[in-house]
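The chain contents come next:
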Amino acid sequence: GGYPIHINNPDVAQANDQFTNIFGVELTESYTAVYMSLTNNQHETAYFNVSQDIYITDARTGEKYRLVTTENCAIHPSKSILNYGSTAQFALFFEPLPADAASFNMIEPGDNGWKFYGIGLK
């Protein structure tokens, strides 16, 4: 169980958003990256972003790890634009999870925030 760890298409036990998918996770000594995609098949133009307050937790210990930066995803109050029929791929970078973590949760506070539980790392 050492770094780096790469997981393609991790199992996700529960998610609150059917249009957003986690397609990869990478753990290193420096960060935990969550690679995601979002498809807009509802609105002519959609906007998305992430709260600076989003965090991940080690499912075993409950310890929280903060968001450090993003790639191709605006941080609230800024917005990223996604046209109808398009899919955006983006990454969220958090403080590093321990290399022996078996699963984690990603929680964005608020009623409309992303909530993914039981993201598998094995």
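Residues numbered from 1 in each chain as written. Predicted model: local features only at pLDDT ≥ 70, side-chain atom pairs only at ≥ 80, totals over all residues. Heavy atoms only, no water.

Locating G24 in the fold gives a position in strand β3 (residues 20-27). For G24, a relative accessible area of 5% gives the class buried. Here G24 is in contact with I7, N9, P10, A33, V34 and Y35, once residues within four sequence places are set aside. (Helix = DSSP H or I, 4+ residues; strand = E, 2+ residues; numbered from the N terminus. Buried < 20%, exposed > 50% of the residue type's maximum accessible area, 1.4 Å probe, protein only. Contact = heavy atoms within 4.5 Å.)

Moving on: the packing of aromatic side chains. Evaluated as defined, the whole model comprises five aromatic pairs. Ring plane angle 80° and centroid distance 5.3 Å describe the contact between Y31 and F93, whose orientation is recorded as edge-to-face. Here F93 lies in strand β9 (residues 87-94) and Y31 lies in the loop between β3 and β4 (32-39), a separation of 62 residues in the sequence. Classification of Y31 as partly exposed rests on a relative accessible area of 25%. Residue classification places F93 among the buried residues on the basis of a relative accessible area of 12%. Measuring from ring centre to ring centre gives 6.4 Å for Y35 and F93, while their planes differ by 85°; the resulting arrangement is edge-to-face. One end of the pair, Y35, is in strand β4; the other, F93, is in strand β9, with 58 residues separating them in the sequence. Of the aromatic side chains, those joined through ring pairs into one cluster are F23, Y31, Y35 and F93. In this arrangement the basic side chain of K64 is found over the ring face of Y55, its NZ or CZ atom lying 4.3 Å from the centre. (Phe/Tyr/Trp six-rings, centres within 6.5 Å; stacked < 30°, edge-to-face > 60°. Lys NZ or Arg CZ within 6 Å of the ring centre and 35° of its normal.)

Our next topic: the pairing of β3. The two faces of a sheet get side chains in turn, since along a regular strand they alternate between them. Burial within β3 is extensive, with six of its eight residues counted as buried. Of the pairings in the sheet, the one linking strand β1 (residues 5-8) to β3 comprises four bridges and is antiparallel in character. Within β3, the residue paired with I5 across the bridge is L27. Bridging between β3 and β4 involves seven bridges; their strand directions are antiparallel. Following the sheet pairing, I22 is matched in β4 by M36. (Pairing = 2+ DSSP bridges.)

Interpretation note: all reported values are geometric properties and have no functional meaning in isolation.
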